[in-house]
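# What the coordinates show
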Amino acid sequence: MTRGWNALIPETATWHYADRSLTTAEIIRQFYQDVRAGAGDDTIVIGCNTIGHLAAGLVEVSRIGDDTSGREWARTCKMGVNSLAFRGPQHGTFFAADADCVGLTKTEQIPWRYNRQWMDLVARSGTPLFISFKKGSLAPAQEQEVADALAIAARPPALGEPLDWMET
């Protein structure tokens, strides 16, 4: 006979939160409230690896996906694109949904043509666009494309609608 989910917890486990009268969710929510209070009203708090419904109303932006890193295109497609596809529709509900930054590395671990696609997708998605790169690492043409993407991201996105709701 199995003991359910708690079968994973050794019977000898003795750890617990200091206040045993609160649930884990209440403790986590209080932590988020403390971070919000400590940051003040004039600070934008970005939650990363937070529990969305518990952070609702306490963070302005939340990283909704796993790290895209800027080092591996397959990971960017898997983590970033899927974050936008499946969590992007929640954007603006609890907080601004951040699928992760466009990581531009000097060593060009991901070719520019792919990074440009990811940057353009995020810029046009209506979600926050964060770009990380080392100063001086971009060619002038890349700098212009980054500036263009930031300009696109700064405007409200055009509403997208499937061409065919039933067949494709």
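For the structure itself, consult the block above.
Structural notes, computed from the coordinates. For clarity, every value in this text was computed on a predicted model and none was experimentally measured.

### Here we look at the packing of aromatic side chains
Scanning the model with the defined rule gives three aromatic pairs in all. Centre to centre, the rings of Phe31 and Tyr32 are 5.9 Å apart; their planes meet at 55°, and the pair counts as tilted. With a relative accessible area of 51%, Phe31 lands in the exposed category. Ring centres of Trp73 and Tyr114 lie 5.0 Å apart, and the angle between their planes is 20°; this geometry places the pair in the stacked category. Linking Trp73 in helix α3 (residues 73-87) with Tyr114 in helix α4 (residues 112-125), this pair joins segments that are 41 residues apart in sequence. Of the residues examined, Tyr114 reaches a relative accessible area of 26% and is grouped as partly exposed.

### Some words on the environment of Pro111
Along the chain, Pro111 turns up in the loop between β4 (102-103) and α4. Judged by relative accessible area, which is 31%, Pro111 ranks as partly exposed. Each C-alpha atom, one on Pro111 and one on Trp73, is 8.5 Å from the other, the two residues being 38 residues apart in sequence.

### Brief notes about the pattern of salt bridges
Pairing between side chains of opposite charge can happen when the charged atoms of each approach one another. Scanning all chains against the criterion turns up five salt bridges. Taking the shortest distance from any N to any O, the salt bridge between Asp100 and Arg63 comes out at 2.8 Å. Here Arg63 lies in strand β2 (residues 61-63) and Asp100 lies in the loop between β3 (96-98) and β4, a separation of 37 residues in the sequence. Assessed through its relative accessible area of 1%, Asp100 is described here as buried. Between Arg124 and Asp120 there is a salt bridge, with the nearest N and O atoms lying 2.7 Å from each other. Here Asp120 and Arg124 lie together in helix α4, a separation of four residues that amounts to about one turn. Under the relative-accessibility criterion, Asp120 is labelled partly exposed at 31%.

Calculation rules
- Residues numbered from 1 in each chain as written.
- Predicted model: local features only at pLDDT ≥ 70, side-chain atom pairs only at ≥ 80, totals over all residues.
- Heavy atoms only, no water.
- Phe/Tyr/Trp six-rings, centres within 6.5 Å; stacked < 30°, edge-to-face > 60°.
- Buried < 20%, exposed > 50% of the residue type's maximum accessible area, 1.4 Å probe, protein only.
- Helix = DSSP H or I, 4+ residues; strand = E, 2+ residues; numbered from the N terminus.
- Salt bridge = Lys/Arg side-chain N within 4 Å of Asp/Glu carboxyl O.

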